[in-house]
Amino acid sequence: MATALSEEELDNEDYYSLLNVRREASCEELKAAYRRLCMLYHPDKHRDPELKSQAERLFNLVHQAYEVLSDPQTRAIYDIYGKRGLEMEGWEVVERRRTPAEIREEFERLQREREERRLQQRTNPKGTISVGVDATDLFDRYDEEYEDVSGSGFPQIEINKMHISQSIEAPLTATDTAILSGSLSTQNGNGGGSINFALRRVTSAKGWGELEFGAGDLQGPLFGLKLFRNLTPRCFVTTNCALQFSSRGIRPGLTTVLARNLDKNTVGYLQWRWGIQSAMNTSIVRDTKTSHFTVALQLGIPHSFALISYQHKFQDDDQTRVKGSLKAGFFGTIVEYGAERKISRHSVLGAAVSVGVPQGVSLKVKLNRASQTYFFPVHLTDQLLPSAVFYATVGPLVVYFAMHRLIIKPYLRAQKEKELEKQRESAASDILQKKQEAEAAVRLMQESVRRIIEAEESRMGLIILNAWYGKFVNDRSRKSEKVKVIDVTVPLQCLVKDSKLILTEASKAGLPGFYDPCVGEEKNLKVLYQFRGVLHQVMVLDSEALRIPKQSHRIDTDG
């Protein structure tokens, strides 16, 4: 009698990897792989009770994979949403002859129903904390005649302004969202706050509208209306109308933005703003995988300016970016340059130096932590002093590299080890089970492997001499790390057919006779094999496809 498989067993299997077929495999390829594994694992081929029980478990696992992938409907669900998609309630009412597109639409409907039940539990908190620092006393000191003033021996660094804002979103229905936001500001001893409430409704796939109500102690009541609309697939418009009530009367305001996609990576904007600070603005923004470029021109009262900025994105793990901009207008000229870098999974640290006339020199430090932003503008001097520019540029770099080496890097290393340890602990029972299944599969393969080797030797074909899978350490700088590999010689030889071995582009951990010896770490497959009496060797990444034999794998024995 067949043994039922637990949900954990099914959820941890990659069906394509288990059958060793491509994700685009045809019905014939699936059937051939299934028959091959059925012949290997069929319980009736084993008399030993223990081997028979192990074969029964593996046979059922292979049968479950084939059942899912051989049915067009379940395969479409599995391909799009994985095994979790097959567990979605409601599939029993879906017609069996639907197309993959119809299945996707039906799944999304079921998923929307489930999401609607969770709406009340979801929020999207966002916050900003800005602390302005006046450090001009570091470079613009008082004259000697004031040196007798108490405390004048040390530079006076002051916090002269602060701003805190926070907002949360509360979905009411699938189309309606309530947004509550508030802010507090203080500058040179004077402060105030405001609170705003907005209700947003998605009217269609092409647009949405938002009503806003606000009040504060510095400003009177505020009523606003925002509208967004896609005019064409490449063009959209936004409009923001506002009425600000104050002791001076009603201050109306209107802002309209028209945008168009000029190409896949470029967007052009036209903005018209009427009200307290009326202006017309046009800009072009080009954003690619490696760069971000902006050019803008504004004509307005009281500010008119031209802006050009460029940001280069390095393709590294830390997502490093360097940027520079030039802004010139009636208020003066500002040159700004800086960089930002990812310092942890959810944190990005950036710094920029602003040099302008008549603004002087400022250093701006920003930390983004998830949805929270911490901003620290430090005003260094009102004049263009080379010393201020030098220290504003070099100081943050020295501090960052010192912190990165002494604090951030050790912390991230400890966090990574902690996460890996948690991952290993949570997967310990599963790894043990997978190891036992792999060992059982290897025992079941012995007779088939013996026949395959005899057939390959008779025609000077493909013989797997040694094969290892797991974590290899070749770099001397990592020699303290432990090698974690398993012997997979037998499982690979069992997959040889007609002097060929083909592994698909998927993790090898799901192959019969394999398991993951180092969860969460980088793995490789290393194979030493003989073909036509000549030694060959190859090493590939875990998810890299492999096809042997190949001439390029041949070991040069000359000399």
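Residues numbered from 1 in each chain as written. Predicted model: local features only at pLDDT ≥ 70, side-chain atom pairs only at ≥ 80, totals over all residues. Heavy atoms only, no water.

Colleague: Which parts of the structure should I look at to understand the packing of aromatic side chains?
Modeller: The description of an aromatic ring pair rests on the distance of the ring centres and on the angle between the ring planes. Counting across every chain of the model gives ten aromatic pairs. Residues Tyr 34 and Tyr 66 carry aromatic rings whose centres are separated by 4.1 Å and whose planes lie at 5° to one another, so their mutual orientation is stacked. On the criterion of sequence distance, the pair formed by Tyr 34 in helix H3 (residues 27-41) and Tyr 66 in helix H4 (residues 49-70) is long-range, its members being 32 residues apart. Just as Tyr 34 is buried, Tyr 66 falls in that class too. Taken together, the ring pairs in this structure connect Phe 139, Phe 390 and Tyr 391 into an aromatic cluster. The positively charged end of Arg 200 is found above the aromatic ring belonging to Trp 208, 5.0 Å away from the centroid. One Lys or Arg, Lys 327, reaches over the ring of Phe 305 and ends 4.4 Å from the middle of that ring. (Phe/Tyr/Trp six-rings, centres within 6.5 Å; stacked < 30°, edge-to-face > 60°. Helix = DSSP H or I, 4+ residues; strand = E, 2+ residues; numbered from the N terminus. Buried < 20%, exposed > 50% of the residue type's maximum accessible area, 1.4 Å probe, protein only. Lys NZ or Arg CZ within 6 Å of the ring centre and 35° of its normal.)

Colleague: Help me understand unusual backbone geometry in this model?
Modeller: What you tend to see is this: most non-glycine residues have negative phi, and most peptide bonds are trans. Between Val 357 and the following residue, Pro 358, the backbone shows a cis peptide bond with an omega angle of 5°. Structurally, Pro 358 is set in the loop between strand S15 (347-357) and strand S16 (360-369). Cis geometry marks the peptide bond from Ile 548 to Pro 549; its omega dihedral reads 10°. Structurally, the position occupied by Pro 549 is in the segment after strand S23 (546-548). Positive phi outside glycine occurs at Gln 319, with the angle close to 55°. Here Gln 319 shows up in the loop between strand S12 (305-313) and strand S13 (321-329).

Colleague: So what exactly am I meant to see when it comes to the nonpolar core here?
Modeller: In terms of nonpolar packing, the biggest core is built from 30 residues, with Leu 19, Val 21, Leu 30, Tyr 41, Val 62, Leu 69 and Met 445 touching the most fellow members. When contributions to this core are tallied by element, the ones reaching two or more residues are helix H2 (15-19), H3, H4, helix H7 (386-458) and helix H8 (489-494). Of all the elements, H4 adds the most residues to this core, at nine residues. Among residues more than four places away in sequence, those in contact with Met 445 are Leu 40, Tyr 41, Val 490, Pro 491, Cys 494, Pro 512 and Gly 513. In terms of nonpolar packing, the next biggest core, distinct from the first, is built from 24 residues, Ile 452, Leu 511, Val 538 and Leu 546 among them. (Core = buried A, V, L, I, M, F, W, Y, C linked by side-chain atoms within 4.5 Å. Contact = heavy atoms within 4.5 Å.)

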